[in-house]
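Coordinates in review
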Amino acid sequence: MTQAAASAGSELSASPPAGRRPVLVLVLGALTAVAPLSIDMYLPALPRMSADLSTGAVQAQLTLTACVVGLAVGQAVAGPLSDRLGRRRPLLAGLAAYTVASLLCVAAPSVETLIALRLVQGAAGAAGIVIARAIVQDLYDGVAAARFFSVLMLVNGLAPILAPVLGGQLLRVVPWPGVFAVLAAIGVALFLGSLLGLAETLPPERRETGGPRATAAVCGALVRDRAFTGYGLAIGLSFAAMFTYISGSPFVLQDIYGMSPQGFSVAFGVNSLGIVAAGQAGALLAGRVALTRLLAAGLAVVAAGGAVLVAAVLAGWGLGGVLPGLFLVASGQGLIGPNATALALAGRPPRVAGTASALLGVAQFALGGAAAPLAGVAGPGTAVPMAVTIAALAVLAAAVTAVASRAPRGASPP
């Protein structure tokens, strides 16, 4: 499929009836929100949890990293499974395991136990993220897919807005383990919503039947496709910049700049509104502006935010410089995610959509998990590592995207 075709795309014949589209948007949007729900609701509790478990900032941030690593590993398993077994069974199994893992986190007696449980929680919740993307690819392609991914931002974008606010308010009345009890309840709601609201979108005749060896061949073909790999790295590196902000900002904004947990949650919610606004702007422009240009605009916004953040930290501008920089870093994600995903998946046959979606998810969450501890390497008294890491990742994301946009698209996987 050519670049022009990827920018012009069309809906596939498998598109759902118009009456089912709102239900599809709501359920798939909620499933893709598993990651921000699992991570962001917990953010205001990090300093308190660190004190209660007598551990440091780096160890506390490892509970975030473990969840992100789990999200990466889980997608690598759930995506190919959904190509072979259909979308519903792996999805429901993952959501059930997510609920159980969240309940166990409530009773974690040590930070080491919590890290292990967060790994399991992330791996189980990953099924919702990777399979939701695969369902979109079952039904849409090209510009239609980019628009649908952008519309999902309306639902998905509410999670990072509401989650830290809810987390901050929960901490007023319950200790930090109460956050995980709420996540368990959310897991039950997602399970019921998927059970009742999602039909199977990959019938048996369209499934991958070759087993693990065929899956490995598909992965190899996708990795060798420079366009797919480039857009996948763009997603991963930009998310790593975002996750550096997510993991570092609770300590930077609360411990260094003196914000309360509630004030932090409000600031985090405002930044998340920027993601939603940018995503909806992208949805309106898709079809009139090439997806590659929308992606480049998002990357430019993140890079600008990184530059502002570094300048603010080094020059001592305080919150008046740090908060606008973080807003730009977050807002650019609304243009990067939908358009890079649509470009990477354009033209892929439905029988490999789960595997392709899994590779994108692995790149996203593996790079995010690797970057998160960098925000605290110099201790809790400085924001310089967070700012420099975000800026460097933004520049790398822009560089690999420039290469990907010029690379020929490889043949469809075998």
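Here the structure is a predicted model, which is why all the values come from computation and not from measurement.

**Remarks on the overall build of the protein chain**
Of regular secondary structure, the protein chain possesses 18 helices and zero strands. Its C-alpha radius of gyration of 20 Å places the protein chain within 12% of the 22 Å reference for a compact globule of 414 residues. Reported as C-alpha extents along the three principal axes, the dimensions of the protein chain are approximately 55 × 45 × 40 Å. Every one of the 414 residues in the protein chain was classed for burial, and the buried ones make up 58%. Contacts spanning at least 24 positions in sequence make up 88% of the contacts within the protein chain whose residues lie at least 6 apart. If you sum the accessible surface of the protein chain, you get close to 14,500 Å²; carbon and sulfur atoms cover 71% of it.

**Quick word on a nonpolar patch on the surface**
A contiguous nonpolar surface patch, about 430 Å² in accessible area, is contributed by V69, V73, V77, L81, L85 and L119. At five residues, helix α5 (residues 57-85) tops the list of elements feeding residues into the nonpolar patch. Its location among the elements puts V73 in helix α5. On the basis of relative accessibility, which here comes to 47%, the residue V73 falls in the partly exposed class.

**So, the packing of helix α7 (residues 111-139) against helix α17 (residues 353-371)**
Axis separation between α7 and α17 bottoms out at 8 Å; the angle between their running directions is 135°. Between α7 and α17, the angle is such that the two are oblique. Viewed along their axes, α7 and α17 form a crossing whose handedness is right-handed. Here α7 contributes I129, V130, R133, A134, Q137 and D138 to the contact with α17, which in turn contributes A353, G354, S357, A358, L360, G361, Q364 and F365. In terms of residue class, the contact of α7 with α17 is built from seven nonpolar, five polar and two charged.

**What about the pattern of salt bridges?**
Going through the model one piece at a time under the given rule, you end up with five salt bridges. We note a salt bridge from R348 to D225, for which the minimum N-O separation is 3.0 Å. Of this pair, R348 sits in the loop between α16 (333-345) and α17 while D225 sits in the loop between α11 (211-224) and α12 (226-256), and the two are 123 residues apart along the sequence. On the basis of relative accessible area, D225 is assigned to the buried category, the value being 3%.

**A few points about the side chain of D83**
By secondary structure assignment, the location of D83 is in helix α5. Looking at D83, its side chain comes within polar contact range of the main-chain nitrogen of G354, at 2.8 Å. Within polar-contact distance, the side chain of D83 engages the side chain of T355 at 2.7 Å. For D83, the contacting residues outside a window of four places in its chain are L202, R207, E208, P350, R351, V352, A353, G354 and T355.

**Considering the side chain of S331**
Checked against the element boundaries, S331 lands in helix α15 (residues 319-331). With sequence-adjacent residues up to four places away left out, S331 is seen in contact with N271, G274, I275 and A278.

**Notes on the environment of G248**
Following the sequence through the fold, G248 ends up in helix α12. Sequence-wise, G248 and M41 are 207 residues apart; in three dimensions their C-alpha atoms are separated by 15 Å. Not counting the four nearest positions on each side in its chain, G248 is found in contact with Q61, A375 and M386.

**Some words on α12**
Compared with an ideal rise of 1.5 Å per residue, which puts 31 residues at 45 Å, α12 spans 42 Å between its outermost C-alpha atoms and is within 8% of the ideal. A bend of about 50° at G248 is the largest found in α12, and the proline P250 appears one to four places after it. Here α12 lies mainly inside the structure; 26 of its 31 residues are buried. With a side-chain oxygen lying 3.1 Å from the backbone nitrogen of A227, the N-terminal cap of α12 falls on D225. Where α12 ends, the next residue or the one after it, G258, has phi of about 75°, a positive value.

**Details of the nonpolar core**
Generally speaking, soluble globular proteins have nonpolar side chains that are buried together. In terms of nonpolar packing, the biggest core is built from 119 residues, with L28, L31, I39 and L114 touching the most fellow members. When residues of this core are assigned to their parent elements, the largest contribution, 15 residues, is made by α12. Leaving out residues up to four positions away in the same chain, L31 has contacts with L91, L95, G128, I129, A132, L190, S194 and L198.

**Points about the confidence of the model for the protein chain**
Looking at the protein chain as a whole, the pLDDT averages 85, with 91% of positions reaching at least 70. For residues 1-14, every residue scores under 50 in pLDDT, and the model assigns this stretch 34 contacts once sequence neighbours within four places are set aside.

**What to know about the packing of helix α2 (residues 21-32) against α7**
Running from amino to carboxyl end, α2 crosses α7 at an angle of 145°, the nearest separation of the two axes being 7 Å. Residues L24, L28, L31 and T32 of α2 lie in contact with α7, whose contacting residues are G128, I129, A132, I135, V136 and L139. A breakdown of the residues in the contact of α2 with α7 according to their chemical character gives eight nonpolar, two polar and no charged.

**Considering the packing of aromatic side chains**
In the structure shown here, the tally under the stated rule is six aromatic pairs. An angle of 25° between the planes, with centres 4.9 Å apart, marks the rings of Y140 and F148 as stacked. The same class applies to Y140 as to F148, namely buried. Summarising the aromatic geometry, the rings of F239 and F365 are spaced 4.9 Å apart at their centres and angled 65° between planes, so their arrangement reads as edge-to-face.

How each quantity is defined
- Residues numbered from 1 in each chain as written.
- Predicted model: local features only at pLDDT ≥ 70, side-chain atom pairs only at ≥ 80, totals over all residues.
- Heavy atoms only, no water.
- Helix = DSSP H or I, 4+ residues; strand = E, 2+ residues; numbered from the N terminus.
- Rg over C-alpha atoms; globule rule 2.2 N^0.38 Å.
- Buried < 20%, exposed > 50% of the residue type's maximum accessible area, 1.4 Å probe, protein only.
- Contact = heavy atoms within 4.5 Å.
- Areas by Shrake-Rupley, 256 points an atom, 1.4 Å probe, with all protein chains shown as cover.
- Patch = residues over 30% accessible without salt bridge, like charges linked within 9 Å, V, L, I, M, F, W, Y side chains within 5 Å.
- Salt bridge = Lys/Arg side-chain N within 4 Å of Asp/Glu carboxyl O.
- Axes fitted to C-alpha atoms, helices over the stretch in contact; angles between N-to-C directions.
- Parallel < 35°, antiparallel > 145°, perpendicular 65-115°, else oblique.
- Left-handed = near helix turned anticlockwise from the far one by under 90°.
- Nonpolar A, V, L, I, M, F, W, Y, C, P; charged D, E, K, R; others polar.
- Polar contact = N/O pair within 3.5 Å; in protein donor to acceptor, adjacent residues only side chain to side chain.
- Expected span 1.5 Å × (residues − 1).
- Bend = angle between axes of the 7 residues up to and from the residue.
- Core = buried A, V, L, I, M, F, W, Y, C linked by side-chain atoms within 4.5 Å.
- pLDDT = per-residue confidence, 0-100.
- Phe/Tyr/Trp six-rings, centres within 6.5 Å; stacked < 30°, edge-to-face > 60°.

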